[in-house]
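Coordinate analysis (summary)
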Amino acid sequence: MKTYVVLLRGVNVSGKNIIKMAVLKTVLIDNGFKNVTTYIQSGNIILSSDFEKDAVATKVQQLIYDHFQLQIAVFCLDLQEMETALKNNPFTENIEPNKLFFTFLKEEPAVDLLADLEKIDFATDQFKVIDKVLYFYLPKGMANSKLNNNFFEKKLKVTATGRNLNTIHKLIDLAKNNNN
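1. Considering the sheet that holds strand 3 (residues 44–49)
One open sheet holds the four strands; their spatial order is 2-3-1-4, and the pairing between them is antiparallel. The open sheet terminates on both sides in strands that have one partner only, identified here as strand 2 (34–39) and strand 4 (74–78). Sheet twist, expressed as the mean angle between neighbouring strand axes with direction ignored, is 20°. In this structure, strand 2 lies alongside strand 3, joined through four bridges in antiparallel fashion. Across the sheet, residue Lys34 finds its bridge partner in strand 3, namely Ser48. Helix-sheet contacts for helix 3 (residues 79–87) involve strand 1 (2–8) and strand 4, and the interaxial angle to strand 4 is about 90°.

The structure is reproduced here in structure tokens:
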């Protein structure tokens, strides 16, 4: 059995796509997933399965549709992918962890779209794409920036979901302790 971090895109935000994590946890357990843990209400799940990660993502997405009638993008990463994302973080000096975001992309963005985005001056805000993870640091906070998940999805024409550095650390810790 392998442990996965499952990230749901855009749930329980501004009263939209409401999914009670306790109910979802029960649905997942009832459908064969093991060691299911959820973290906060924004769609973070740790679970174990014999399935490969693409099959896990597909199954979770179908269960959400069947039980909540919601079409939600589901990202499934294994512990190594989460740790690699953390290790590749380009913003490590004097940062506030709640202002650094890891945005997981369904696919690598097109080179020309990324080049166009890199030409824009975002003042103190910074971003960098490494493989299928977009990192962005907002020293003045999310409320004072135009950079967010939706902005990057539109500019790069990719589906994405993001978490801040604090959440990334917590999800890695939960995944490491999942089989205990």
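2. Thoughts on the side chain of Thr3
By the secondary structure assignment, Thr3 is in strand 1. A residue is classified by how much of its surface remains accessible, and Thr3, at 11% relative accessible area, is buried.

3. Brief notes about the packing of helix 3 against helix 6 (residues 165–176)
As a packed pair, helix 3 and helix 6 sit with axes 10 Å apart at the nearest point and diverge in direction by 150°. Crossing handedness for the pair helix 3 and helix 6: left-handed. Between helix 3, through Leu79, Met82, Glu83 and Leu86, and helix 6, the contact on the second element is made entirely by Leu165, Ile168, His169, Leu171, Ile172, Ala175 and Lys176.

4. Focus: the packing of helix 4 (residues 111–118) against helix 5 (residues 149–156)
Contact geometry for helix 4 and helix 5: axes closest at 9 Å, N-to-C directions at 125°. Viewed along their axes, helix 4 and helix 5 adopt a mutual orientation that is oblique. Mapping the contact onto sequence places Leu113, Leu114 and Leu117 in helix 4 and Phe151, Phe152, Lys155 and Leu156 in helix 5. Here the residues of the contact of helix 4 with helix 5 sort into six nonpolar, no polar and one charged.

5. Quick word on the packing of aromatic side chains
In the structure shown here, the tally under the stated rule is eight aromatic pairs. Between Phe122 and Phe127 the ring centres are 6.0 Å apart and the planes differ by 75°, which places this aromatic pair in the edge-to-face class. Of the two residues, Phe122 and Phe127, both sit in the buried class. Grouped by ring-pair contacts, the aromatic residues Phe101, Phe122, Phe127, Phe136, Phe151 and Phe152 constitute a single cluster.

6. Regarding unusual backbone geometry
Although it is not a glycine, Asn17 adopts a positive phi angle of roughly 50°. Take Asn17: its relative accessible area is 31%, and that puts it in the partly exposed class. Positive phi values are uncommon outside glycine, yet Asn35 reaches one of about 50°. Among the residues examined, Asn35 registers a relative accessible area of 36% and is labelled partly exposed.

7. Things to note about the nonpolar core
Ranked by size, the top nonpolar core spans 23 residues in total, and within it Val6, Leu8, Leu47, Val60 and Ile64 carry the most contacts. Mapped by element, the contributors of at least two residues to this core are strand 1, helix 1 (21–30), strand 3, helix 2 (53–68) and strand 4. When residues of this core are assigned to their parent elements, the largest contribution, six residues, is made by helix 2. Leu7, Phe75, Phe102 and Ala175 belong to the second-largest nonpolar core, a separate cluster that totals 20 residues.

8. Side note on the pairing of strand 6 (residues 126–130)
Of the two faces of strand 6, only one is covered, namely that formed by Phe127 and Val129; the face formed by Gln126, Lys128 and Ile130 stays uncovered. Pairing of strand 6 with strand 7 (residues 133–137), which is carried by five bridges, proceeds in the antiparallel orientation. Each residue of the ladder has a partner; that of Val129, found in strand 7, is Leu134. Hairpin connection, strand 6 to strand 7: the antiparallel pair is bridged by two residues, and Asp131 has positive phi, about 60°.

Analysis parameters
The residue numbering used here restarts from 1 in each chain and proceeds along that chain's sequence as written. A pLDDT threshold of at least 70 governs which residues receive local features in this predicted model, and a stricter bar of 80 or more applies before side-chain atom pairs are shown or counted, although totals over entire chains, interfaces and linings include all residues. As a rule here, side-chain values come from all non-hydrogen atoms in the structure, and water together with hydrogens is ignored. Pairing between two strands is assigned when DSSP locates at least 2 bridges connecting them. Per the convention used, a helix needs a DSSP run of H or I reaching at least four residues, while a strand needs a run of E reaching at least two, with both numbered from the N terminus. Inter-axis angles, ranging from 0 to 180 degrees, are taken between N-to-C directions of lines fitted to C-alpha atoms, where helices are fitted over the stretch in contact. The contact rule is simple, with two residues in contact once any of their heavy atoms fall within 4.5 Å. Under the scheme applied here, a residue whose accessible area is under 20% of the maximum for its type counts as buried, over 50% as exposed, and between as partly exposed, the area being computed with a 1.4 Å probe on protein chains only. Handedness of a crossing is defined here by the sense of rotation of the near helix relative to the far one, left-handed for an anticlockwise turn of less than a right angle and right-handed for a clockwise turn. Geometric relationships in this document are graded by angle, where less than 35 degrees denotes roughly parallel, more than 145 denotes roughly antiparallel, 65 to 115 denotes roughly perpendicular, and other angles denote oblique. Note that Gly is not counted as nonpolar here; it falls among the polar residues with everything else outside the nonpolar set of Ala, Val, Leu, Ile, Met, Phe, Trp, Tyr, Cys and Pro and the charged set of Asp, Glu, Lys and Arg. Two rings from Phe, Tyr or Trp (for Trp, the six-membered ring) form a pair when their centres sit within 6.5 Å of each other. Planes less than 30 degrees apart are called stacked, planes more than 60 degrees apart edge-to-face, and all others tilted. Here the nonpolar core consists of buried residues drawn from Ala, Val, Leu, Ile, Met, Phe, Trp, Tyr and Cys, with membership extended through side-chain atoms lying within 4.5 Å.

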